[in-house]
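Structural characterization, general
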Amino acid sequence: QVQLVESGGGLVQAGDSLRLSCAAAGRTFSTYAMGWFRQAPGKEREYVATISWSGGATAYADSVKGRFTISRDNAKNTVYLQLNSLKPEDTAVYYCASRPSMTSTYRNWGQGTQVTVSS
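Read on for a plain summary of the structure. Being a predicted model, the structure only gives us computed values, none of them experimental. (Residues numbered from 1 in each chain as written. Predicted model: local features only at pLDDT ≥ 70, side-chain atom pairs only at ≥ 80, totals over all residues. Heavy atoms only, no water.)

Here we take up the environment of F37. Checked against the element boundaries, F37 lands in strand β4 (residues 33-39). When its relative accessible area of 10% is taken as the criterion, F37 is described as buried. Taking the C-alpha atoms as reference, F37 lies 9.4 Å from A92; in sequence the two are 55 residues apart. With residues near it in sequence (within four places) discarded, F37 still touches R45, E46, Y47, V48, V93, Y94, Y95, A97, Y106 and W109. (Helix = DSSP H or I, 4+ residues; strand = E, 2+ residues; numbered from the N terminus. Buried < 20%, exposed > 50% of the residue type's maximum accessible area, 1.4 Å probe, protein only. Contact = heavy atoms within 4.5 Å.)

See below:
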């Protein structure tokens, strides 16, 4: 079991940057693949990015590719999402999640952090 807490959200203008953090409690964090998702008002939750346990493999949704970067620091039990060139359509609650491997389903979720991008 991994407990996840997101932080770093806020209100920014289009074109700005933010870095989201997801702090994990649990000794097995370094063995888990991690992901970021988001949910905009009135829309379903959507996948944003994922990273392997070592950080050696990453993948992104087409909508954020080239603008967002996922990374992790296993020594700090933290996964990050760097959001650059933000657009109003990036406005959403962002969630991190963990899974045992890159081919497993996500099992643990954080409570989310709000990102609002004004035009």
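Read on, since the account is not over.
Here the structure, examined in full by the defined rule, presents four aromatic pairs. Arranged with centres 4.9 Å apart and planes meeting at 90 degrees, the rings of F37 and Y106 form a pair that is edge-to-face. One end of the pair, F37, is in strand β4; the other, Y106, is in the loop between β9 (92-99) and β10 (108-109), and 69 residues separate them in sequence. There is no split in this pair, since F37 and Y106 are both buried. Ring plane angle 50 degrees and centroid distance 5.9 Å describe the contact between Y106 and W109, whose orientation is recorded as tilted. With a relative accessible area of 17%, Y106 lands in the buried category. (Phe/Tyr/Trp six-rings, centres within 6.5 Å; stacked < 30°, edge-to-face > 60°.)

Our next topic: the side chain of S98. Relative to the helices and strands, S98 resides in strand β9. When near neighbours in sequence (up to four residues on either side) are disregarded, S98 contacts V2, L4, Y32, A33, M34, T105, Y106, R107 and N108.

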